[in-house]
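A closer look at the structure
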Amino acid sequence: MVQNVATQMAELEEPDFHLLSGIEHGMRFSRWVAEGKLPKFSRLDEEELTYRLDRCMDRELIERKTIQYTGYRLTFEGYDALALRTFSERESIDGVGSPLGVGKESDVYEARSFRPLALKFHREGYTNFREVQKEREYTADNEHRSWFYTARKAAEREYDALETLYPEVSVPRPVDQNRHAIVMEKVDGVELSRAKLDADQVVGVAELILEEMATAYNAGYVHADMSEYNVFVAADGVTIFDWPQSVPTEHENSDELLVRDVENLLGHFERKYPSETPAVDERALADALAADEFDSLRAFEQ
């Protein structure tokens, strides 16, 4: 857990981070880093290396495996520690607070700072690396990459999207990114999946989300993972989050992904508010969003 790592940060010393960074470097070439290569990668002598290996093993920042050789690799906690240290050095955050959401592919925490922030750690590929490799475009051609490469690329892609879209699109304001982690604005609101809309709010909220999707498309991105779990609803509007699977509009499948996003979004409203949600030609609606011709959801009623 990130909170456990955060409490240990004050105990970690510069040579500990030399070791963690050295193992990180070695994992660019193999999943397990041979013990014999660690002095070179970490720039620690053998006596210091042995001491630091024990310290980091005790804190579960690294793990060891004996196969044809004795090898080490970072745990996600070790990777978390490297990212937290960078954020601290940049003064992006000064601590980690309570969990905001823990899921299969990411963990989000409050970040302590002079303004409300959220700290998101991508976890893609740690437990199902081969499956994620096949599904995610940014790993499909990197057969021998490790899980931290997969998670880092997801964070980079999401941060790039946020930087492009904010503030024209209602997304969390990006603050910083390092390795597999992102610092962003903490957004208030209720997840659309848990929101209880009045009958006269349903179409209005759906239209707000569709308008944001249209603006995002015109800014160059399709979310590509739109659902009721990726939208916050608040009194002052909606916010779309979770952009690691987003694709640029010039992507060959962007139009189909936009149609799928529309289908997923409206599918939620049709299931939860069947009487209030108009029947819609999703493909025609997606075409209108892409052409910036969306006016009203009612205009697409069949």
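Model, not experiment: these values are computed from the prediction.

**Details of the domain arrangement of the protein chain**
As far as domains go, the protein chain holds domain 1 (5-185) and domain 2 (190-299). Taking only C-alpha atoms, the centre of domain 1 and the centre of domain 2 are 32 Å apart. Counting residues at the interface gives 20 residues for domain 1 and 16 residues for domain 2. Between domain 1 and domain 2, roughly 1,400 Å² of surface is buried when both sides are summed, and carbon and sulfur atoms account for 59% of that area. Our count for the contact surface shared by domain 1 and domain 2 stands at one salt bridge. Across the pair Asp 242 and Lys 120 runs a salt bridge whose closest N-O atoms are separated by 2.4 Å. Put simply, domain 1 and domain 2 have seven residue pairs in polar contact (both at pLDDT 80 or more) between them. Of all elements in the fold, only strand 6 (117-122) and helix 7 (147-165) reach the threshold of two or more residues within the side of domain 1 that touches domain 2. In terms of residue count, helix 7 provides more of the side of domain 1 that touches domain 2 than any other element does, eight residues in total. Among the residues making up the side of domain 1 that touches domain 2, the classes are represented as eight nonpolar, three polar and nine charged.

**Structural notes on the sheet that holds strand 3 (residues 70-74)**
Taken in spatial order, the three strands make up an open sheet running 1-3-2, and their pairing is antiparallel. One side of each edge strand has no neighbouring strand; the edge strands of this open sheet are strand 1 (33-34) and strand 2 (62-66). Summarising the sheet, strand 1 and strand 3 pair through two bridges and their orientation is antiparallel. Paired with Val 33 across the strands is Tyr 72, a residue of strand 3. Across the face of the sheet, helix 4 (residues 46-58) comes into contact with strand 2 and strand 3 while running at roughly 110° to strand 2.

**Some thoughts on the nonpolar core**
Core analysis: the largest hydrophobic core is formed by 44 residues, its most contacted members being Ile 209, Met 213, Trp 243, Phe 269, Leu 285 and Leu 289. Elements that contribute at least two residues to this core include exactly helix 7, helix 8 (202-219), strand 10 (221-222), strand 11 (231-234), strand 12 (237-240), helix 9 (254-272) and helix 10 (282-290). If one sorts the elements of this core by residue count, helix 8 sits on top with 10 residues. Split by domain, the residues of this core number at least three in each of domain 1 (5-185) and domain 2 (190-299). Not counting chain neighbours up to four residues away, the residues in contact with Phe 269 comprise Leu 192, Leu 197, Val 202, Val 205, Ala 206, Ile 209, Pro 274 and Thr 277.

**Description of the packing of helix 9 against helix 10**
Orientation of helix 9 relative to helix 10, taken along the N-to-C sense of each, is 120°, at an axis distance of 9 Å. Considering the angle they form, helix 9 stands oblique to helix 10. Considering how the two elements wind past one another, helix 9 and helix 10 form a crossing that is right-handed. Of helix 10, the residues touching helix 9 (which contributes Glu 256, Leu 258, Val 259, Val 262, Glu 263, Leu 266 and Glu 270) are Glu 282, Arg 283, Leu 285, Ala 286, Leu 289 and Ala 290. Classifying every residue of the contact of helix 9 with helix 10 by side-chain character gives eight nonpolar, no polar and five charged.

**Focus on the pairing of strand 2**
Pairing analysis gives five bridges linking strand 2 to strand 3, with the strands arranged antiparallel. Opposite Ile 62, over in strand 3, you have Leu 74 as the bridge partner. Counting the residues between successive antiparallel strands, the hairpin from strand 2 to strand 3 contains three residues.

**Here's the deal with the sheet that holds strand 5 (residues 106-112)**
Strand order in the open sheet formed by five strands is 4-5-6-8-7, with antiparallel pairing between adjacent strands. Sheet topology places strand 4 (95-102) and strand 7 (174-178) at the edges, where each strand pairs with a single neighbour. Along the sheet, successive strands turn relative to each other by an average axial angle of 25°, direction set aside. Contacting strand 6, strand 7 and strand 8 (181-185), helix 7 runs over the sheet at an angle of about 160° to strand 7.

What counts and what doesn't
- Residues numbered from 1 in each chain as written.
- Predicted model: local features only at pLDDT ≥ 70, side-chain atom pairs only at ≥ 80, totals over all residues.
- Heavy atoms only, no water.
- Domains from an automatic or database assignment.
- Contact = heavy atoms within 4.5 Å.
- Buried area = accessible area lost by both parts, 1.4 Å probe.
- Salt bridge = Lys/Arg side-chain N within 4 Å of Asp/Glu carboxyl O.
- Polar contact = N/O pair within 3.5 Å; in protein donor to acceptor, adjacent residues only side chain to side chain.
- Helix = DSSP H or I, 4+ residues; strand = E, 2+ residues; numbered from the N terminus.
- Nonpolar A, V, L, I, M, F, W, Y, C, P; charged D, E, K, R; others polar.
- Pairing = 2+ DSSP bridges.
- Axes fitted to C-alpha atoms, helices over the stretch in contact; angles between N-to-C directions.
- Core = buried A, V, L, I, M, F, W, Y, C linked by side-chain atoms within 4.5 Å.
- Buried < 20%, exposed > 50% of the residue type's maximum accessible area, 1.4 Å probe, protein only.
- Parallel < 35°, antiparallel > 145°, perpendicular 65-115°, else oblique.
- Left-handed = near helix turned anticlockwise from the far one by under 90°.

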